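# Fold and contact review
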Amino acid sequence: MATTKHVKNYIRTQSRQKEKTGSSPGTLIYTGEKRREDVSINIMSYNEKGYTEKVCDVEDNYLKNLPPDNITWINVDGLHEVNVIEKFGEFFNLHPLVLEDILNVNQLPKVDEYQENDIIYITLNEFYFDDGKHNSLDRDQISLVLGKNFLITFQEEEGDYFEAIRDRLRNSKGRIRARGADYLAYTLIDAIVDSYYIVLDKYSERLETIENEIFVSKNEDHVETIHHINKDLIFFRRAIAPLKEVIYQLLKQDIILIQPSSKAFLRDLLDHANQIISQIDVDREFISDLIQTNMTNLNSRLNEIIKVLTLISTIFIPLTFIVGVYGMNFDIFPELHWKYGYFTVWAVMIIITAIQIIIFKKNKWI
Amino acid sequence: MATTKHVKNYIRTQSRQKEKTGSSPGTLIYTGEKRREDVSINIMSYNEKGYTEKVCDVEDNYLKNLPPDNITWINVDGLHEVNVIEKFGEFFNLHPLVLEDILNVNQLPKVDEYQENDIIYITLNEFYFDDGKHNSLDRDQISLVLGKNFLITFQEEEGDYFEAIRDRLRNSKGRIRARGADYLAYTLIDAIVDSYYIVLDKYSERLETIENEIFVSKNEDHVETIHHINKDLIFFRRAIAPLKEVIYQLLKQDIILIQPSSKAFLRDLLDHANQIISQIDVDREFISDLIQTNMTNLNSRLNEIIKVLTLISTIFIPLTFIVGVYGMNFDIFPELHWKYGYFTVWAVMIIITAIQIIIFKKNKWI
Amino acid sequence: MATTKHVKNYIRTQSRQKEKTGSSPGTLIYTGEKRREDVSINIMSYNEKGYTEKVCDVEDNYLKNLPPDNITWINVDGLHEVNVIEKFGEFFNLHPLVLEDILNVNQLPKVDEYQENDIIYITLNEFYFDDGKHNSLDRDQISLVLGKNFLITFQEEEGDYFEAIRDRLRNSKGRIRARGADYLAYTLIDAIVDSYYIVLDKYSERLETIENEIFVSKNEDHVETIHHINKDLIFFRRAIAPLKEVIYQLLKQDIILIQPSSKAFLRDLLDHANQIISQIDVDREFISDLIQTNMTNLNSRLNEIIKVLTLISTIFIPLTFIVGVYGMNFDIFPELHWKYGYFTVWAVMIIITAIQIIIFKKNKWI
Amino acid sequence: MATTKHVKNYIRTQSRQKEKTGSSPGTLIYTGEKRREDVSINIMSYNEKGYTEKVCDVEDNYLKNLPPDNITWINVDGLHEVNVIEKFGEFFNLHPLVLEDILNVNQLPKVDEYQENDIIYITLNEFYFDDGKHNSLDRDQISLVLGKNFLITFQEEEGDYFEAIRDRLRNSKGRIRARGADYLAYTLIDAIVDSYYIVLDKYSERLETIENEIFVSKNEDHVETIHHINKDLIFFRRAIAPLKEVIYQLLKQDIILIQPSSKAFLRDLLDHANQIISQIDVDREFISDLIQTNMTNLNSRLNEIIKVLTLISTIFIPLTFIVGVYGMNFDIFPELHWKYGYFTVWAVMIIITAIQIIIFKKNKWI
Amino acid sequence: MATTKHVKNYIRTQSRQKEKTGSSPGTLIYTGEKRREDVSINIMSYNEKGYTEKVCDVEDNYLKNLPPDNITWINVDGLHEVNVIEKFGEFFNLHPLVLEDILNVNQLPKVDEYQENDIIYITLNEFYFDDGKHNSLDRDQISLVLGKNFLITFQEEEGDYFEAIRDRLRNSKGRIRARGADYLAYTLIDAIVDSYYIVLDKYSERLETIENEIFVSKNEDHVETIHHINKDLIFFRRAIAPLKEVIYQLLKQDIILIQPSSKAFLRDLLDHANQIISQIDVDREFISDLIQTNMTNLNSRLNEIIKVLTLISTIFIPLTFIVGVYGMNFDIFPELHWKYGYFTVWAVMIIITAIQIIIFKKNKWI
């Protein structure tokens with residue numbers, strides 16, 4: 001069932017690590033799902049004047065002889081082939097913990113600087129909202145290794161916006177190609193963060209719909225949907241909250257790989273991250289308000305229903321008693337023989353009912 | 001329907017950005033609604049001795065030759081004409097991110113200093129409470145670009161208080177005209193912040209009314225209204241909370257554009273911002289109290305209703321049983337033939353009822 | 001009605017400012033209520049050896065020629081005469097913002113140092129608990145302007161404890177008169193802070209009473225009272241919380257007007273402020289506990305009531321059905337003609353009732 | 001009644017101060033209850049080689065001529081004799097605020113260093129859990145004045161563990177006697193903090209009992225008990241939270257009275273304080289969980305009861321209607337004369353009941 | 001009963017300390033349970049080239065003459081033999097507080113540096129989830145004493161992963177044996193932290209199951225289970241939260257025992273600790289959501305049940321009244337003698353019922 005699958009998607013985020021427990025820290029294991037068959041390596045090398053593009057193999061010589069004056073962006077799709085990642089580690093002399101982090105795709109965003117080999121390792125999460133029948137949130141981890149004039153990106157499956165950035169590199173009138181690898185890294189992170197707005201929008205739309213139904217259609221049956229949106233937002237917030245810290249570190253530390261001219265862009269990014277997180281918080285306050293409103297509505301309706309029951313019972317139970325009285329079969333029963341007995345009983349019952357209705361009206365029950 | 005529209009107004013605050021995703025950071029797109037037909041540029045140039053006022057076109061030469069000894073305030077109404085904004089960017093040599101921020105009218109307050117071209121960029125939100133049938137909160141973004149002797153303000157539609165400030169500039173006995181562009185910026189921000197008090201007041205008034213109805217008219221049907229006020233205040237708070245940070249930055253940093261003599265005024269502004277935010281927090285605590293009180297009242301009333309039902313049922317159901325007994329048609333039924341059978345039954349029923357009423361009184365049910 | 005008035009007292013704290021919006025910052029407007037007819041200026045000038053006391057007019061020459069070797073305390077009652085306050089501003093060369101702050105009596109506590117004219121401006125709130133039929137909290141703003149050898153206090157109406165301090169000045173065996181104006185300021189603030197304990201005590205007493213009624217008298221009808229106490233405490237807390245910051249600033253900054261020997265007293269004051277705020281927090285946690293307890297009690301009682309209804313219904317509805325059966329008028333109805341028919345029916349009904357009572361006992365319903 | 005007394009014990013913590021309001025800060029008033037008749041002064045003077053013990057009077061010459069090479073511990077029981085405390089102030093040249101703090105026994109823990117006369121003033125709270133019929137928490141304030149080679153402790157009534165520490169001083173094989181007055185102070189504070197564990201344990205035990213009753217005996221009537229435990233823990237937490245700050249100050253400041261070798265012990269004390277506070281927080285989260293669980297159980301039971309009512313009503317009300325039909329006395333009533341009329345009615349009623357039971361089973365009501 | 005035992009396991013965490021109160025700080029008492037008969041000391045001494053392993057006695061000479069060029073790991077299982085621990089204290093010259101901390105197994109994680117004898121003391125908690133019928137969380141304390149070239153680990157019973165680390169030491173191709181004692185300490189802590197993921201996973205799985213049952217099986221009876229999971233997570237969080245502080249201290253302080261090359265590993269550990277704590281927080285938010293959802297479901301069902309009751313009552317009570325009317329035995333009762341009286345009554349009743357059903361449909365009750 002959809003719900004069940006939905007839950008499993010991320011409550012277990014950490015759970016694949018358990019196989020690792022006890023084994024040597026440093027053993028390379030890919031902790032995600034295999035989502036594609038092969039590994040694809042895409043290299044884009046550019047400078048202000050031009051660019052070259054190449055899809056190559058990890059054994060390719062090209063990788064070992066990158067043009068030194070160009071900025072090179074190497075994108076690796078497919079993490080399930082651990083030995084390919086290991087090769088990259090050798091080529092670029094990456095710390096064992098970097099390789100481990102690339103393959104452990106259940107991480108929160110973080111940045112690590114490795115001064116000895118002059119690289120910065122950044123990891124982020126991409127999110128996709130699956131509009132289909134599952135209505136669930138999917139996550140992918142993307143790792144960036146930023147060096148002096150290269151950027152390597154690792155992920156299991158490439159997102160849509162990478163191609164858009166490649167287009168900008170191809171068509172650039174000089175701007176993006178004129179800047180360094182750090183600007184390219186910024187561009188990628190910016191695209192990922194922008195995609196968070198889309199995800200957030202889906203949830204805002206769904207909350208709008210629910211709010212509408214609660215107040216307009218007076219339909220209270222949204223407990224489960226609200227519960228799932230809430231859970232998704234808890235998860236989403238947790239997965240992007242550390243991003244602020246990541247950008248702060250890139251901004252504040254004496255990281256020479258980030259040029260001063262890029263800092264204005266990073267500050268802009270920080271604004272976006274803050275906006276997203278504060279929007280999630282607002283959405284969650286809004287959800288808690290909806291839950292409370294829903295509960296109050298439920299109680300309101302209960303009051304309405306019980307009121308109807310009480311009205312009917314309070315009017316008819318005494319009347320039923322009265323007619324019951326005159327249904328008794330006593331031999332000596334004076335009223336039964338009165339000429340206007342029957343009509344008197346009706347009169348009494350009508351008066352009692354009238355009095356009750358007046359009382360109810362006064363108490364604003366009807 | 002009003003509710004629906006109301007919700008859309010701001011839940012989607014971020015959502016217009018999504019078109020931008022993937023496109024180059026730096027592409028200029030106006031993200032707001034077009035609220036007026038044309039673009040109007042109003043220039044006010046003044047010094048201690050006098051002032052000139054001018055409504056001009058972006059192509060006007062005047063813009064390029066501002067009098068160097070005067071303080072010049074350029075107000076631009078209408079952001080939908082992106083190319084006009086672009087021209088301003090060229091004239092005043094503004095950073096591409098500044099132009100992007102001016103046009104992206106879904107931002108939280110922030111301040112950015114651009115030391116290279118010696119300007120400060122400040123963005124704020126104005127709020128209008130629409131008293132009409134929507135009862136909704138409207139928002140407008142206003143951007144300030146403060147230079148050495150000029151201030152440029154950008155917005156889609158001018159608020160009322162700008163004319164009041166122009167009057168002060170025209171009539172000044174020297175005070176406002178004797179001070180710099182930073183004091184003019186302070187005056188504008190102060191007017192905007194003062195307008196927040198008006199918005200807050202509307203909500204306080206509405207909460208008062210609701211509180212009154214809950215306790216005096218015992219009318220509980222305020223769930224939806226409370227929900228909307230709460231949502232508005234969540235939104236309002238989020239949109240002005242960063243203002244504190246903005247003023248702190250203007251105060252603390254070595255910003256040479258802000259003269260020391262203006263700092264006392266900024267500190268005063270900070271007090272106001274703090275007061276407004278703390279008032280919103282107080283209002284929200286108050287709302288949460290109202291919701292809880294409303295819920296307790298609902299339950300109290302439920303108890304009342306159920307008590308009536310129980311009283312009536314408890315008294316009449318046993319009596320109905322008794323009269324039912326003597327309605328049975330058994331051939332051999334001794335009591336029916338007793339002389340005082342009928343009256344004995346009445347006596348028994350009256351005694352039972354009396355005992356029940358005594359028990360109810362003892363338990364404080366009636 | 002009392003409730004309504006009560007609410008208005010402070011929800012509108014900010015709302016009187018709205019007239020000001022748009023007008024020049026710096027225009028002097030008294031934002032409070034006029035509570036007395038005239039303005040009274042009381043001057044007390046003292047040193048270790050003696051003291052003089054004088055009630056004078058703002059036009060008085062005395063004000064302009066204060067004895068330089070004495071400590072002078074000038075107390076101004078009545079803020080509604082704006083021009084009197086303006087005169088003071090001229091005499092003592094006060095910053096326009098100080099005058100504005102004195103007259104805007106809807107402020108939170110704050111301290112401002114004006115180094116250019118060597119004064120400290122402090123504003124505080126006094127609170128009075130009106131025991132009368134309104135049971136409401138009244139607030140007054142008091143402003144202190146502390147100079148090298150003078151202290152000016154401004155308020156609309158003088159509190160009781162000022163006279164007590166004057167007595168101490170008159171009777172001092174040297175201690176209070178031997179110290180500077182900063183110690184006098186401390187003495188006044190200390191008296192105001194001490195008065196907070198009294199207010200807090202009133203609320204603690206009322207909460208005790210309510211708690212007692214809830215648990216002993218089992219009376220749940222305290223929703224409205226609890227709501228008002230909660231609102232008052234929210235308001236009270238907000239109005240005194242900034243006091244801590246005020247004392248910190250007096251303690252920490254290199255404020256030469258505060259002598260080192262007075263700092264021990266200020267630290268003591270800080271302890272008191274902390275105690276009061278933490279007591280309010282404790283009271284509010286206590287209120288939230290009472291609300292929850294009250295709700296649980298309501299539900300408990302509902303259970304009790306419904307249980308009675310269910311017991312009666314469950315016992316008598318089946319019995320009524322049975323006697324109904326034998327009230328049918330079928331021609332062929334064997335049981336009606338049995339000799340022991342009627343008694344058998346009674347036996348069956350008694351057995352059924354007995355079984356039901358046993359079941360209820362087993363389920364601990366009765 | 002117990003409850004009432006219990007509440008008064010501490011809600012009024014601050015309230016005894018109100019008499020003081022308006023009077024001179026510095027007037028000595030004992031704010032606690034008189035718990036013993038006389039004042040007892042116990043002096044213990046020791047060094048590594050031996051010790052002397054003495055119970056003496058405040059007029060005693062011994063007090064004025066303490067042996068200079070020994071560590072002297074003076075314990076004063078009985079604060080109600082204000083003049084005795086005043087004498088101590090004179091002998092040891094204590095600041096007036098210290099004397100005031102010793103006598104105002106409603107304070108939160110704090111530490112004050114008086115560098116001019118080289119003493120540290122520390123105040124703490126002792127707690128006793130009264131197991132008797134009140135089940136309440138009792139509090140006592142203990143003040144420590146630590147000097148170079150002396151420690152004076154003030155309290156209204158001596159706790160049990162002081163005698164244990166005296167025994168350690170008497171029997172010490174050199175360890176405790178070999179260390180300074182600061183170590184003695186640590187030993188006393190450590191004993192007080194250890195006693196907090198005992199109090200906390202009482203509450204943990206009671207919470208266990210309640211939890212057990214809620215889940216095992218399904219008895220929900222714990223609202224009042226839970227409420228009182230919660231209130232006690234709120235109070236307890238508030239009264240010991242500042243202790244952390246006290247120890248931090250003893251650790252961090254350049255307090256020469258605390259020898260470096262004692263700091264390891266103070267750090268250990270800090271660990272204990274942290275553990276206690278975090279345990280209280282855990283207990284309070286646990287309480288809030290119990291309250292919620294209790295509420296859910298109440299609602300669950302309500303559902304159960306209502307279900308029974310609905311079952312009985314839904315089955316028997318239609319049946320009662322049917323038999324009512326055939327109790328009508330119309331002259332022309334065909335069914336009454338059918339041969340199998342009566343039996344058919346029974347058949348119909350049995351079928352209806354069977355169908356209802358099947359529906360209930362399908363809906364999992366029974 | 002399981003529940004009871006479960007609770008006792010940890011609510012009493014602190015309570016065993018109470019025996020200690022009043023006794024000398026520094027007396028050695030083991031505060032845990034005895035879980036094994038004897039004490040086992042396992043020594044592993046290694047360098048890059050080889051290793052020796054030895055199980056020995058505390059009296060063994062080997063302990064006193066550790067090979068100076070090797071890294072030695074001494075693992076002590078069994079803390080109940082206090083004198084063995086005391087011997088270790090003598091051999092390695094450990095501070096009395098270290099010995100006390102090793103034996104007091106109810107501590108939160110902490111690190112203490114003893115510069116005088118050049119060791120670091122670290123204490124941590126291991127957790128085991130008991131899958132059996134108790135479903136409870138078990139805790140063990142492990143103490144690490146890290147010296148220049150030795151690591152001593154103390155615990156009552158050895159966990160599984162220690163043997164795995166010994167295997168790595170035996171089979172190491174140089175990596176783990178080539179590093180210092182600090183790396184060995186890191187490896188042990190890493191294994192312990194990894195085991196937290198397993199515990200967390202168990203809870204996530206159980207929460208998934210409960211969520212599934214609530215939404216799919218519509219079974220609300222999870223109050224007790226949710227309560228226990230919540231309590232366990234509160235406890236678990238409290239017991240591992242200080243771990244972050246421990247790692248920070250190892251990272252930040254100028255601790256010479258931790259080599260710079262080990263710091264990257266410690267930073268990695270910090271990431272893990274952060275992830276675990278943030279996962280617990282997410283789980284607890286999730287639980288609070290489940291509790292609320294469960295409550296709403298309960299109320300929803302109550303509405304459903306009451307609706308059925310009201311429907312049946314509202315339809316049949318008036319009908320029963322009508323048939324009651326015609327069961328009266330009045331002598332003069334015109335309708336009874338009408339030809340179509342009986343059929344008219346039926347017609348009226350059918351019409352009334354039809355109208356009611358239409359009203360119910362319109363109000364969306366059925």
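Look up: the structure comes first, before these words.
Analysis parameters
- Residues numbered from 1 in each chain as written.
- Chains lettered and ligands numbered in written order.
- Predicted model: local features only at pLDDT ≥ 70, side-chain atom pairs only at ≥ 80, totals over all residues.
- Heavy atoms only, no water.
- Least-squares fit on C-alpha atoms with pLDDT ≥ 70 in both.
- Contact = heavy atoms within 4.5 Å.
- Buried area = accessible area lost by both parts, 1.4 Å probe.
- Salt bridge = Lys/Arg side-chain N within 4 Å of Asp/Glu carboxyl O.
- Helix = DSSP H or I, 4+ residues; strand = E, 2+ residues; numbered from the N terminus.
- Nonpolar A, V, L, I, M, F, W, Y, C, P; charged D, E, K, R; others polar.
- Phe/Tyr/Trp six-rings, centres within 6.5 Å; stacked < 30°, edge-to-face > 60°.
- Buried < 20%, exposed > 50% of the residue type's maximum accessible area, 1.4 Å probe, protein only.
- Lys NZ or Arg CZ within 6 Å of the ring centre and 35° of its normal.
- Patch = residues over 30% accessible without salt bridge, like charges linked within 9 Å, V, L, I, M, F, W, Y side chains within 5 Å.
- Areas by Shrake-Rupley, 256 points an atom, 1.4 Å probe, with all protein chains shown as cover.
- Pairing = 2+ DSSP bridges.
- Axes fitted to C-alpha atoms, helices over the stretch in contact; angles between N-to-C directions.

### Structural notes on the relation of the copies chain E and chain A
Of the transformation superimposing chain E on chain A, the axial component is 0.1 Å and the angular component is 72 degrees, with the fit at an RMSD of 0.1 Å. Both copies are brought into coincidence by an operation consistent with a five-fold rotation axis. Considering only C-alpha atoms, the part of chain E nearest the rotation axis is Gly327 of chain E, at 4.6 Å. A low fraction, 20%, of the interface residues of chain E reappear at the interface in chain A, so the copies pair through non-equivalent surfaces.

### Remarks on the interface of chain E and chain A
Every contact between the two is made by 66 residues of chain E and, on the other side, 66 residues of chain A. Carbon and sulfur atoms make up 63% of the area that chain E and chain A hide from each other, which totals about 6000 Å². Our count for the contact surface shared by chain E and chain A stands at 4 salt bridges. Among the ionic pairs, Glu285 of chain E bridges to Arg284 of chain A, the shortest N-O distance being 2.6 Å. Looking at the side of chain E that touches chain A, the elements with two or more residues in it are α4 (161–171), α6 (181–217), α9 (260–325) and α10 (334–337) of chain E. Per-element tally for the side of chain E that touches chain A: the top contributor is α9 of chain E, with 34 residues. Among the residues forming the side of chain E that touches chain A, the class breakdown is 28 nonpolar, 21 polar and 17 charged.

### A look at the packing of aromatic side chains
Scanning the model with the defined rule gives 95 aromatic pairs over all chains in all. Ring centres of Phe92 of chain C and Phe150 of chain C lie 5.1 Å apart, and the angle between their planes is 40 degrees; this geometry places the pair in the tilted category. Pair noted here: Phe92 of chain C is in the loop between α3 (82–91) and α4 (96–103) and Phe150 of chain C is in strand β7 (residues 150–155), with a separation of 58 residues, a long-range link. Phe150 of chain C matches Phe92 of chain C in its accessibility class, with the two residues each being buried. Between the aromatic rings of Phe127 of chain D and Tyr196 of chain D, the centroid separation amounts to 5.9 Å while the plane-to-plane angle is 65 degrees, which identifies the pairing as edge-to-face. Of this pair, Phe127 of chain D sits in strand β5 (residues 119–129) while Tyr196 of chain D is found in helix α6 (residues 181–217), placing the two residues 69 residues apart along the sequence. Relative accessible area serves as the criterion here: at 2%, Tyr196 of chain D is assigned to the buried category. Just above the ring of Trp73 of chain B sits the side chain of Arg166 of chain B; from NZ or CZ to the centre is 4.9 Å. The side chain of Arg179 of chain B reaches across the aromatic face of Tyr183 of chain B, ending 4.7 Å from its centre.

### Examining the pattern of salt bridges
Under the defined criterion, the tally for this structure stands at 60 salt bridges over all chains. Here Glu163 of chain C makes a salt bridge to Arg170 of chain C, at a shortest N to O gap of 3.1 Å. Each member of the salt-bridge network shares a partner with another, and the members are Glu53, Glu163, Arg166, Asp167 and Arg170 of chain A.

### Details of a nonpolar patch on the surface
Taken together, the side chains of Ile332 of chain A together with Tyr340 and Phe343 of chain B present a nonpolar region at the surface, about 310 Å² in accessible area. Summarising the element assignment, Ile332 of chain A is placed in the loop between α10 (260–325) and α11 (334–337). Of the residues examined, Ile332 of chain A reaches a relative accessible area of 37% and is grouped as partly exposed.

### Structural notes on the sheet that holds strand β4 (residues 110–114) of chain D
Residues and elements named next belong to chain D. Spatially, 7 strands are ordered β2-β1-β3-β7-β6-β5-β4 in an open sheet, and the strand pairing comes out mixed. Taken across any chain shown, the strands that pair with only one partner, and hence form the sheet edges, are β2 (51–56) and β4. Each strand axis lies, on average, 15 degrees off the axis of its neighbour in the sheet, ignoring direction. The sheet strands contacting helix α7 (residues 223–240) are β5 and β6 (137–146), and the helix crosses β5 at an angle near 165 degrees.

### Focus: the pairing of strand β6 (residues 137–146) of chain E
Residue and element names in this part refer to chain E. Among the 10 residues of β6, 9 are classified as buried, and the element is accordingly described as predominantly covered. Note that strand β5 (residues 119–129) and β6 share 10 bridges and pair antiparallel. Note on β6: the bridge partner recorded for Tyr121 is Val145. Pairing between β6 and strand β7 (residues 150–155): 4 bridges, direction antiparallel.

### Overview of the pairing of strand β7 (residues 150–155) of chain D
Residue and element names in this part refer to chain D. With 6 of 6 residues buried, β7 lies mostly within the body of the structure. Note that strand β3 (residues 71–77) and β7 share 6 bridges and pair parallel. Residue pairing in the sheet places Thr72 in a bridge with Phe150 of β7. Between β6 and the antiparallel strand that follows it, β7, lie 3 residues.

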